[in-house]
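Structural overview
Residues per chain, in single letters:
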Amino acid sequence: MSGLPLLLRKLLVLLLFLALQTVAVVLLVNNSYFQQNAVMRVVRSWQMHWWERTSSWTAFTNLRKINEDLFLENTRLRAEVARLSAFEENLLAETAGRMASADSFSFIPARVIRNSVNRQRNFLVIDKGSADGIAPDMGVISARGLVGVISHVSEHYAMIISLLNTDQRFTGVLEKTGAFGTLRWDGVNYKKITLTEIPRHIEVNPGDTVVSSHFSMIFPPSMPIGRVLSSSLRQGTYLELEVELFSDFKTLRYVNVVSYSGAEELQRLTETEMEESL
Amino acid sequence: MNDNLKYILRFLFFLALQLLIFQNLNLGTYLAPMPYILFLMLFPCTYPAALLMLWAFAFGLALDLLGTGIMGLHTSSLVLVGALRNILMKTVTVKGDLDNHMVPGFSQFGFARYSIFISLCVMSHHLVFFALESLSLFLFWHTFARFLCSLLLNVFLILLFKKTFFERGR
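So, here's what we can say about the structure. (Residues numbered from 1 in each chain as written. Chains lettered and ligands numbered in written order. Predicted model: local features only at pLDDT ≥ 70, side-chain atom pairs only at ≥ 80, totals over all residues. Heavy atoms only, no water.)

Looking at the sheet that holds strand β4 (residues 145-153) of chain A
Residues and elements named next belong to chain A. Read once around its circumference, the closed barrel built from six strands follows the order β1-β2-β5-β4-β3-β12, with strand pairing classed as antiparallel. If you compare each strand with its neighbour and ignore which way they point, the axes differ by 45° on average. Pairing of strand β1 (residues 105-115) with strand β2 (residues 121-126), which is carried by three bridges, proceeds in the antiparallel orientation. Note that in β2 the partner of N115 across the bridge is L124. (Pairing = 2+ DSSP bridges. Helix = DSSP H or I, 4+ residues; strand = E, 2+ residues; numbered from the N terminus. Axes fitted to C-alpha atoms, helices over the stretch in contact; angles between N-to-C directions.)

A closer look at the interface of chain B and chain A
Each side of the interface is counted separately: chain B has 20 residues, and chain A has 18 residues. Of the roughly 1500 Å² buried where chain B meets chain A, counting both sides, 81% is carbon and sulfur surface. Here chain B and chain A share zero salt bridges between them. Between the two partners, chain B and chain A, sit two residue pairs in polar contact (both at pLDDT 80 or more). (Contact = heavy atoms within 4.5 Å. Buried area = accessible area lost by both parts, 1.4 Å probe. Salt bridge = Lys/Arg side-chain N within 4 Å of Asp/Glu carboxyl O. Polar contact = N/O pair within 3.5 Å; in protein donor to acceptor, adjacent residues only side chain to side chain.)

A few points about a nonpolar patch on the surface
Nonpolar side chains collect at one region of the surface, where L8, L11, L12, L14, L15 and L18 of chain A lie side by side and expose about 530 Å² of accessible area between them. Along the polypeptide, L18 of chain A turns up in helix α1 (residues 6-31). (Patch = residues over 30% accessible without salt bridge, like charges linked within 9 Å, V, L, I, M, F, W, Y side chains within 5 Å. Areas by Shrake-Rupley, 256 points an atom, 1.4 Å probe, with all protein chains shown as cover.)

Some remarks on the packing of helix α1 (residues 3-22) of chain B against helix α3 (residues 49-66) of chain B
Residue and element names in this part refer to chain B. In the contact formed by α1 and α3, the axes pass within 11 Å of each other and the chain directions differ by 30°. In this structure, the crossing between α1 and α3 has a hand that is right-handed. For the pair α1 and α3, contact is made by Y7, I8, F11, F14, L15, Q18 and L19 and by W55, A58, F59, A62, L63 and L66, respectively. Residue composition of the contact of α1 with α3, by class: 12 nonpolar, one polar and no charged. (Left-handed = near helix turned anticlockwise from the far one by under 90°. Nonpolar A, V, L, I, M, F, W, Y, C, P; charged D, E, K, R; others polar.)

Topic: unusual backbone geometry
Residues and elements named next belong to chain A. Phi is positive for E197, which is not a glycine, with a value near 65°. Positionally, E197 belongs in strand β8 (residues 192-199). For E197, a relative accessible area of 48% gives the class partly exposed. You will see that Q235, though not glycine, has its phi angle at about 50°, which is positive. On the secondary structure map, Q235 appears in the loop between β10 (224-234) and β11 (238-245). Note on Q235: relative accessible area 70%, which makes it exposed. (Buried < 20%, exposed > 50% of the residue type's maximum accessible area, 1.4 Å probe, protein only.)

Remarks on the sheet that holds strand β6 (residues 170-174) of chain A
Residues and elements named next belong to chain A. Strand order around the closed barrel formed by six strands is β6-β7-β8-β11-β10-β9, with antiparallel pairing between neighbours. On average, each strand axis in the sheet is tilted by 40° relative to the strand beside it, whichever way the strands run. Pairing between β6 and strand β9 (residues 209-212): three bridges, direction antiparallel. Of the residues in β9, the one forming a bridge with L174 is V210.

Brief notes about the packing of aromatic side chains
Residue and element names in this part refer to chain A. In this structure the tally under the stated criterion is 31 aromatic pairs over all chains. Their ring planes at 45° and their centres at 6.1 Å tell us that F170 and F219 sit as a pair that is tilted. Remark: F219 occurs in the loop between β9 and β10 and F170 occurs in strand β6; sequence separation between them is 49 residues. The class for F170 is buried, based on a relative accessible area of 6%. Across from the ring centre of F107, 5.7 Å away, lies the NZ or CZ of R78, which sits over that ring. The ring centre of Y254 lies 5.8 Å from the NZ or CZ of R253, which sits over that ring. (Phe/Tyr/Trp six-rings, centres within 6.5 Å; stacked < 30°, edge-to-face > 60°. Lys NZ or Arg CZ within 6 Å of the ring centre and 35° of its normal.)

Regarding the packing of α3 of chain B against helix α4 (residues 73-92) of chain B
All names here are of chain B. At their nearest, the axes of α3 and α4 sit 8 Å apart, and the two run at 160° to each other. Viewed along their axes, α3 and α4 adopt a mutual orientation that is roughly antiparallel. Of the two elements, α3 crosses α4, and the hand of that crossing is right-handed. Contacts between α3 and α4 involve A49, L52, M53, A56, F57, F59, G60, L61, L63 and D64 from the first element and L73, H74, T75, L78, V79, G82, A83, R85 and N86 from the second. (Parallel < 35°, antiparallel > 145°, perpendicular 65-115°, else oblique.)

Topic: α3 of chain B
Along an α-helix, a turn takes 3.6 residues, which lines up residues three or four apart on a common side. Over its 18 residues, α3 of chain B extends 25 Å from the first C-alpha to the last, a length consistent with the 26 Å expected when each residue adds 1.5 Å. Within the span of α3 of chain B, buried status applies to A49, A50, L52, M53, W55, A56, F57, F59, G60, A62, L63 and D64 of chain B. Tucked into the core, α3 of chain B has its buried residues touching α1 of chain A together with α1, α2 (38-41) and α4 of chain B. (Expected span 1.5 Å × (residues − 1).)

In structure tokens:
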């Protein structure tokens with residue numbers, strides 16, 4: 001030991017000191033409740049910091065419940081917005097000296113209980129039916145856009161023809177220009193849909209938004225559908241657009257069924273007109 | 001007499017003294033008699049700090065194991081004294097005072113210096129001892145009073161013991 005340099009010797013002594021002290025403190029902590037508590041307080045405070053970080057992961061389990069609450073609130077707010085905008089329209093119409101239309105959209109919240117995205121004709125089933133005021137041909141929307149149309153209704157369940165159904169056609173409108181075309185699913189990718197029959201003179205840029213039609217009786221106007229990815233000219237006559245859907249149909253859980261109070265009347269009117277023209 | 005044997009005998013003596021007498025002496029909350037610190041003060045001035053710490057550790061551990069106190073409390077504070085003793089000794093003495101096999105004492109250091117030396121050692125011991133025992137700032141003044149009273153008592157006891165039993169003729 002005397003052969004070692006002084007500094008090293010001092011270092012060894014220091015290390016020995018620390019080792020012995022560590023043993024002593026470990027003994028102290030392991031064998032006495034109070035000291036254990038005091039040390040654990042410090043350890044716990046570190047733990048708290050750690051837990052705070054990890055709690056964001058554990059909170060994930062509560063997301064479902066939170067989602068549900070938010071969804072119901074959204075439905076309520078959506079109905080409120082629709083009611084108020086109808087009210088506003090009525091006011092405007094009255095000042096213009098015209099008769100006010102009594103129509104308005106209302107929304108029925110529902111939970112998706114069955115869903116598919118991997119077939120050619122995809123359907124969804126929701127947990128609300130005729131008992132809740134749902135009828136065939138009503139539109140279905142989610143927080144992010146169109147979902148589909150009710151096809152069959154039982155007392156407590158309803159079946160929805162998804163937007164992702166190769167048999168079904170919808171009307172889509174380019175928000176910027178107002179040009180409308182037919183929405184059709186090619187049955188391949190559940191994240192993409194095709195908007196076709198857009199007149200070729202319409203200027204379309206990638207990123208343009210596609211929304212629902214203003215003339216629709218099943219969807220409220222200007223419901224978002226998707227974003228244009230690319231466009232191509234078909235047979236030299238019309239444009240075909242590839243549209244990325246806003247809704248993720250794979251994770252769809254909550255939807256709103258749209259009920260339009262003027263639908264029946266409007267239907268009757270168009271039918272009589274058609275009969276007369278025949 | 002062989003030095004190591006002497007140390008072992010002293011070890012046993014101080015251990016027995018503490019366990020049989022001072023541990024059982026109830027002087028109230030403020031006075032904790034712990035004259036066993038003198039055990040470390042009787043090693044020669046040039047005794048290596050590492051060995052001193054090992055002696056301190058062994059003694060503290062024995063006291064903790066056999067005594068009624070909190071485990072590790074004596075060990076921890078005594079190891080600190082073992083580590084600090086030589087440094088404190090150099091602080092209180094004039095350079096060149098320390099001979100090879102000299103044992104620190106009244107005649108070697110002088111009464112004042114030796115008392116200061118002992119006080120500093122006991123102080124470092126008691127600081128750790130009472131700090132670890134309370135391990136909180138709750139009742140700080142109470143703990144501080146215990147520290148101060150015990151310090152005075154133990155310095156007195158150690159000086160007394162040293163003078164009575166371990167002071168060789170001049």
